[in-house]
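# Descriptive analysis of the structure
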Amino acid sequence: MSEKILRAGVFGWPVEHSKSPKLHGFWLNRYGVDGSYVLLPARPEDFESEVRRLAAAGWRGANVTIPHKEAALSLADRATDRARAIGAANTLIFDEGEIVADNTDGFGFIENVRAGSPWRSDRPAAILGAGGAARAIIWSLIEAGAPEIRLTNRTRDRAMRLADELRPKVRIIDWDDRASGLDGAGLIVNTTSLGMTGQPPLELDLSVAPPDAVATDIVYTPLITPFLTAARARDLPVVDGLGMLLHQARPGFEAWFGVAPEVDDALREVILAS
């Protein structure tokens, strides 16, 4: 290998399931970049020392997945506004000895919805679920100009904590009344695990949703979840969750390897086959 090879990878514990090496490897090959992107398994107690070791060794940076996202933000020398607002980082950039933290989950979500639908950001958005992904998505929707976020979660207290951090545009709706949040909404987002392979389906009455409300799910196994199947049955525009994974990788790849990559059908086919 060249001494000047550009190196990056993905931290997690476990991390063997990650599709990121296949994704970044596709781009490295497409753009002829002399670089590598590898799995970086790290126990929580070893994560910080491993990050600092790679930064000192001249690596370009890394993606970060569960359970390290909050730790990635706390160890950084600098952080983007969106990483600080979300309270977690999924991307680290090593910049001449400095560790810079970013969170591109919300970026990936917005880019995926924009690429796959006629979504209008000037209408309310209905969000189901209140985990880390929901936090990133809500922040990005507020930044994009959504006038109101209607948040519902099976555990109301968790939704309340998230709403308190992201007010004033977030309004809580009880889980049992979740269908009411769809009235007039321009976007319906399932951030829960319901509908994912091995999980029960999301039960949601879509009858009050406007006919042009965009339905999207952040999971992609299966690619078309029961929620998206139900939305299609009502002729609602549908965006699957795979594109969020693909688009969130773009800023990191550009920072590490110096090329702004493209998300297209060829990339989707490679990742779906992996």
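Our subject is the structure that appears above.
Throughout what follows, the structure given in this document is the object of discussion. (Residues numbered from 1 in each chain as written. Predicted model: local features only at pLDDT ≥ 70, side-chain atom pairs only at ≥ 80, totals over all residues. Heavy atoms only, no water.)

### Brief notes about the sheet that holds strand 9 (residues 170-172)
Across the sheet, six strands lie side by side as 9-8-7-10-11-12; this open sheet has parallel pairing. The sheet terminates laterally at strand 9 and strand 12 (238-239), the two strands that pair on one side only. Pairing geometry for strand 11 (residues 214-217) and strand 12, over two bridges, is parallel. Opposite T216, over in strand 12, you have V239 as the bridge partner. Of the strands in this sheet, strand 7 (125-128), strand 8 (149-152), strand 9 and strand 10 (187-190) are in contact with helix 6 (residues 132-144), which crosses strand 7 at around 170 degrees. (Pairing = 2+ DSSP bridges. Helix = DSSP H or I, 4+ residues; strand = E, 2+ residues; numbered from the N terminus. Contact = heavy atoms within 4.5 Å. Axes fitted to C-alpha atoms, helices over the stretch in contact; angles between N-to-C directions.)

### Concerning unusual backbone geometry
Negative phi characterises most residues that are not glycine, and trans characterises most peptide bonds. The peptide bond linking I66 to P67 adopts the cis configuration, its omega dihedral lying at 10 degrees. By the element assignment, P67 lies in the loop between strand 3 (61-64) and helix 3 (69-75). Here the amide bond leading from R167 into P168 is cis, since omega sits at 15 degrees, within 30 degrees of zero. Positive phi outside glycine occurs at E96, with the angle close to 50 degrees. Inspection of the secondary structure puts E96 in the loop between strand 5 (91-95) and strand 6 (98-102). With phi around 65 degrees, D235 is a residue other than glycine that occupies positive phi space. Inspection of the secondary structure puts D235 in the loop between helix 8 (226-233) and strand 12.

### Notes on the pattern of salt bridges
Evaluation of the coordinates by the stated rule reveals 18 salt bridges. Among the ionic pairs, R53 bridges to E50, the shortest N-O distance being 2.9 Å. Note that R53 and E50 are positioned in helix 2 (residues 47-56) at a spacing of three residues, about one turn of the helix. Look at R53 and you get partly exposed, because its relative accessible area is 46%. Given a relative accessible area of 25%, E50 falls into the partly exposed group. Sharing partners across several salt bridges, the network here consists of R78, D95 and E98. (Salt bridge = Lys/Arg side-chain N within 4 Å of Asp/Glu carboxyl O. Buried < 20%, exposed > 50% of the residue type's maximum accessible area, 1.4 Å probe, protein only.)

### Some words on the nonpolar core
Core analysis: the biggest nonpolar cluster contains 30 residues, and F109, I127, L141, L151 and L187 have the highest contact counts within it. Among the secondary structure elements, those contributing two or more residues to this core are helix 5 (105-116), strand 7, helix 6, strand 8, helix 7 (156-166), strand 9 and strand 10. Take this core: its biggest share by element is six residues, from helix 6. If sequence neighbours within four positions are ignored, L187 has contacts with F109, V113, W119, P124, A125, A126, L141, V214 and T216. Grouped together as the second largest cluster of nonpolar side chains are 21 residues, L40, A55, V64 and L75 included. (Core = buried A, V, L, I, M, F, W, Y, C linked by side-chain atoms within 4.5 Å.)

### Thoughts on the environment of S20
Assignment of secondary structure puts S20 in helix 1 (residues 20-30). Put simply, S20 and L39 are 19 residues apart on the chain and 8.3 Å apart in space, counted from C-alpha to C-alpha. If we skip the residues at most four places from it in the chain, S20 touches V10, G25, Y37 and N63.

### Remarks on helix 5
Here helix 5 is twelve residues long and its end C-alpha atoms lie 17 Å apart, about the 16 Å a rise of 1.5 Å per residue gives. Turning to helix 5, its buried residues number three or more, namely D105, G106, G108, F109, I110, N112 and V113. At its buried positions, helix 5 is contacted by helix 3, helix 6, strand 10, strand 11, strand 12 and helix 9 (242-248). (Expected span 1.5 Å × (residues − 1).)

### Things to note about the pairing of strand 7
Of the two faces of strand 7, the one holding A125 and I127 and the one holding A126 and L128 are both buried throughout. Handedness of the crossover joining strand 7 and strand 8 through helix 6: right-handed. Here strand 7 pairs with strand 10 via four bridges, running parallel. Looking at the pairing, L128 lines up with N190 of strand 10. (Right-handed = clockwise from strand over helix to strand, strands pointing away.)

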